[in-house]
Amino acid sequence: MTTVFEKIISGEWAGRFVWADEVCVAFATIEPTAPGHVLVVPREPYPKWTDAPTDVASHLMRVARIIGLAQEKAFGVPRAGLVIAGFEVPHTHLHVIPLRTEADVLLSNAAQASAEELDEAMLRLREALLAQGHTAHVPEDMGSAARA
């Protein structure tokens, strides 16, 4: 069975990408808990994060940290949060969330965002990643998971 994330990564379904490399991608969730909330998702569909090989899990954490640092700059927040749950989609994914308060980390507070809100937040995050020197991993086209 193909997961929703495989459909987003392949381009069958729309996505707003801020990162792409040979192992993973990062894109906006359509139901953020805070502006700038993204998912770091391996290209390979491991059902649970504990199913991912150690090198993949380590890579996902490294990318999540890079994105968290960019979120702190782009959104002026004191910290970035990380949540790994995975009940909603059986494809490993890390939620990286700009945090103003602990409530921002609660996935139960997620709400549908407009296309304009998502575009604006992802453009800010992409700009922060570029400013931090990650040009090689920010896709040229925000709508594509193709590597830069």
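In this text, all values refer to a predicted model and were calculated from it rather than measured experimentally.

What counts and what doesn't
Residues numbered from 1 in each chain as written. Predicted model: local features only at pLDDT ≥ 70, side-chain atom pairs only at ≥ 80, totals over all residues. Heavy atoms only, no water. Phe/Tyr/Trp six-rings, centres within 6.5 Å; stacked < 30°, edge-to-face > 60°. Helix = DSSP H or I, 4+ residues; strand = E, 2+ residues; numbered from the N terminus. Buried < 20%, exposed > 50% of the residue type's maximum accessible area, 1.4 Å probe, protein only. Pairing = 2+ DSSP bridges. Expected span 1.5 Å × (residues − 1). Contact = heavy atoms within 4.5 Å. UniProt positions renumbered as here; feature names shortened; annotations may be inferred. Polar contact = N/O pair within 3.5 Å; in protein donor to acceptor, adjacent residues only side chain to side chain.

1. Re the packing of aromatic side chains
Piece 1. Summed over all chains, the structure comprises 2 aromatic pairs.
Piece 2. A centroid spacing of 5.5 Å and a plane angle of 65 degrees characterise the contact between Phe17 and Phe27, whose relative ring orientation is edge-to-face. Here Phe27 lies in strand β2 (residues 24–28) and Phe17 lies in strand β1 (residues 17–20), a separation of 10 residues in the sequence.
Piece 3. The exposure class assigned to Phe17 is buried, which follows from its relative accessible area of 0%.

2. Structural notes on the pairing of strand β5 (residues 94–99)
Piece 1. Counting buried positions over the 6 residues of β5 gives 6, a clear majority of the element.
Piece 2. The alternating pattern of β5 places Leu94, Val96 and Pro98 on one face and His95, Ile97 and Leu99 on the opposite face, and all of these are buried.
Piece 3. Inspection of the sheet shows strand β3 (residues 38–42) paired to β5 by 3 bridges, in the antiparallel sense. The residue of β5 that forms the bridge with Val38 is Val96.
Piece 4. In terms of strand pairing, strand β4 (residues 79–83) meets β5 through 5 bridges, oriented antiparallel. Residue pairing in the sheet places Ala80 in a bridge with Pro98 of β5.

3. What about helix α3 (residues 115–131)?
Piece 1. With 17 residues, α3 should cover 24 Å at 1.5 Å per step; its first-to-last C-alpha distance of 24 Å lies within 8% of that length.
Piece 2. The inward-facing, buried residues of α3 contact β1, β2, β3 and α2 (54–75).

4. Details of the UniProt feature "domain: HIT" (unreviewed entry) in the chain
Piece 1. Taking the UniProt record as the reference, the feature "domain: HIT" (unreviewed entry) is found at residues 4–107.
Piece 2. This span, residues 4–107, is 28% helix and 24% strand, and a straight line between its end C-alpha atoms measures 18 Å.

5. Comments concerning the side chain of His37
Piece 1. By secondary structure assignment, the location of His37 is in the loop between β2 and β3.
Piece 2. By relative accessible area, which is 2% here, His37 ends up buried.
Piece 3. At 2.9 Å, the side chain of His37 forms a polar contact with the side chain of His95.

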